[in-house]
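One letter stands for each residue in the lines below.
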Amino acid sequence: MARPIWTGTLSFGLLNVPVSLMSGERSVDLHFRMLDSRSNTPIRYERVNAETGDEVPWKDIVKAFEYKKGSYVVLDPDDIKAASAEGREAVEVEAFVDAASIGPEYFEKPYVLVPGKKAEKGYVLLRETLKRTGKIGIARVVIRTREYLSAVMPRGKALQLVLLRYPQELVDLEEYRLPDKATSDYRIAAKEMTMAEQLIESMSSDWAPGDYRDEFRDRLRKVIDKRLKSKGVVTAEENADEAPAENASTNVVDFMALLKKSLDTNKRTPAKKAAPKATKKRAPTKAAKKAPAKRSAAKSKKAGGSKSRKTG
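Overview of the structure.

Reading the values: the criteria
- Each chain has its residues counted from 1, running along the sequence as written.
- Predicted model: local features are reported for residues with pLDDT of at least 70 only, side-chain atom pairs are reported and counted for 80 or more only, and whole-chain, interface and lining totals are derived from all residues.
- With hydrogens and water excluded, all non-hydrogen atoms of the structure serve as input to the side-chain values.
- In DSSP terms, a helix is any run of H or I states spanning at least four residues, a strand is any run of E spanning at least two, and both are numbered starting from the N terminus.
- We call a residue buried when its accessible area falls under 20% of the maximum for its residue type, exposed when it is over 50%, and partly exposed in between, using a 1.4 Å probe and counting protein chains only.
- When checking whether two residues touch, look at their non-hydrogen atoms; a contact exists if any pair is within 4.5 Å.
- Surface accessibility follows the Shrake-Rupley procedure with a 1.4 Å probe radius. Residue values consider only the protein chains on display as shielding.
- One bridge is not enough; two strands pair if DSSP finds at least two bridges between them.
- The axes are straight lines fitted to the C-alpha atoms, using for helices just the contacting stretch, and the angles between their N-to-C directions are given from 0 to 180°.
- In plain words, nonpolar cores are sets of buried Ala, Val, Leu, Ile, Met, Phe, Trp, Tyr and Cys residues tied together by side-chain atoms within 4.5 Å.
- Without a salt bridge and with relative accessible area above 30%, a residue can belong to a patch; like charges are then joined within 9 Å and nonpolar side chains (Val, Leu, Ile, Met, Phe, Trp, Tyr) within 5 Å.
- By salt bridge we mean one thing: a side-chain nitrogen of Lys or Arg within 4 Å of a carboxyl oxygen of Asp or Glu.

### Section: the overall build of the chain
Of regular secondary structure, the chain possesses 6 helices and 11 strands. Residues classed as buried in the chain amount to 18% of the 312 residues present. Partitioning the intrachain contacts of the chain with sequence separation of at least 6 by distance along the chain shows that 64% fall at a separation of at least 24. A total accessible area of about 26,500 Å² is found for the chain, and carbon and sulfur atoms account for 54% of it.

The structure is reproduced here in structure tokens:
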């Protein structure tokens, strides 16, 4: 069983449901290595200076933004850290919208929310309510230091969290020349439209994702297996299951009271207040700085006797 990406909470209104965020996809790509054809040894890619050709160690590499060709502004690690989202393990639902109101172009990557121990009631309550209302939750979530916009939506027995693209990431359709006139302007006859509808109807069926496979990958896999057998070598990798992480636990919650309170206040779950920062210690005065030096000098004289201490 795969390990969770993080274990935290799913929040809506004043309700908090402990959950684990699990990947909702798996890679089935066939990965290739680049070899030197003369010796069949792997090729290693190195970090080299574009001008000198010398290899650059990791400690000397910095991140920079190229604001115009050949001109850069270098960013310190603290600069990037300051811009990063707060790393809270929480899915905070900010609003509920009609599921049909979000176009498919906004959906990017699926995850699965798995309830923690004794958290099934809140999980099922949200899942079934979303199904009955036809709504999905719009939430913010932090995954590996970056904040994402996401949708919490029911899918069978699960609550899925699907990362959403921001509008800035989508190309405006107005940038393309698209046919925008009436069908009559394109000489589409009513009979042609009827026949097209009949064709679509004749090809219609229920969505069965299991009927579709990556056929290119299957054919390529056969080529690889055939090549391995011709060489007299056949190997199979066995992936050991990773130990499952223990889910978060929760106390018994009065959901009715929280729901009523959420409706009355119409506020989302408030973020936890950060712990108060420790007060900075005042820098020692010059006199205080010199005191230890005098004491150490006295000790040195006592220990060394007639030996004199050199000063720089």
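### Remarks on the sheet that holds strand S9 (residues 135–143)
Reading around the barrel, the 7 strands line up as S1-S2-S8-S11-S10-S9-S7 and close back on themselves, with mixed pairing between neighbours. Looking at each pair of strands side by side, their axes are set apart by 40° on average, direction ignored. Relative to strand S10 (residues 146–155), S9 runs antiparallel, the two being bridged by 7 bridges. Each bridged residue has a counterpart across the sheet, and for valine 141 the counterpart in S10 is tyrosine 148. Contacts from helix H2 (residues 120–133) reach strand S1 (6–12), strand S2 (15–23), strand S7 (90–98), strand S8 (107–115), S9, S10 and strand S11 (158–164), with the element oriented near 70° to S11.

### What about the pairing of S1?
Of all 7 residues in S1, 5 are buried, a share of seventy percent or more. Two successive antiparallel strands, S1 and S2, enclose a turn made up of 2 residues, where glycine 13 displays a positive phi of approximately 60°.

### As for the nonpolar core
For soluble globular proteins, nonpolar side chains are generally found buried alongside one another. With 25 residues, the main nonpolar core has Leu10, Val91, Leu113, Val152 and Leu161 as its most contacted residues. Elements with a contribution of two residues or more to this core: S1, S2, S7, S8, H2, S9, S10 and S11. Sequence-distant contacts of leucine 161, defined by excluding residues within four places in its chain, comprise Leu21, Val91, Lys109, Pro110, Tyr111, Leu113, Val141, Ser150, Ala151 and Val152. Residues Ile102, Ile138, Met153 and Val162 belong to the second largest nonpolar core, which totals 8 residues.

### Let's talk about a nonpolar patch on the surface
Where nonpolar side chains cluster on the molecular surface, the patch consists of Phe65, Tyr67, Val73, Leu75 and Ile80 and spans about 460 Å² of accessible area. Elements with a contribution of two residues or more to the nonpolar patch: strand S5 (63–68) and strand S6 (71–75). Tracing the sequence through the fold places valine 73 in strand S6.

### Quick notes on the pattern of salt bridges
Summed over all chains, the structure comprises 11 salt bridges. A salt bridge links arginine 140 to glutamate 94; the shortest N-O distance between them is 3.1 Å. Separated by 46 residues along the polypeptide, arginine 140 in strand S9 and glutamate 94 in strand S7 bring together distant segments of the chain. The exposure class of glutamate 94 is partly exposed, given its relative accessible area of 41%. Connected through shared salt-bridge partners, Glu94, Arg140 and Glu147 make up one network.

### Thoughts on the pairing of S10
Count of turn residues in the S9/S10 antiparallel hairpin: 2 residues, of which arginine 144 carries a positive phi of about 50°. Bridge analysis of S10 against S11 gives 7 bridges, and the strand direction is antiparallel. Bridge assignment links methionine 153 to a residue of S11, and that residue is glutamine 160.

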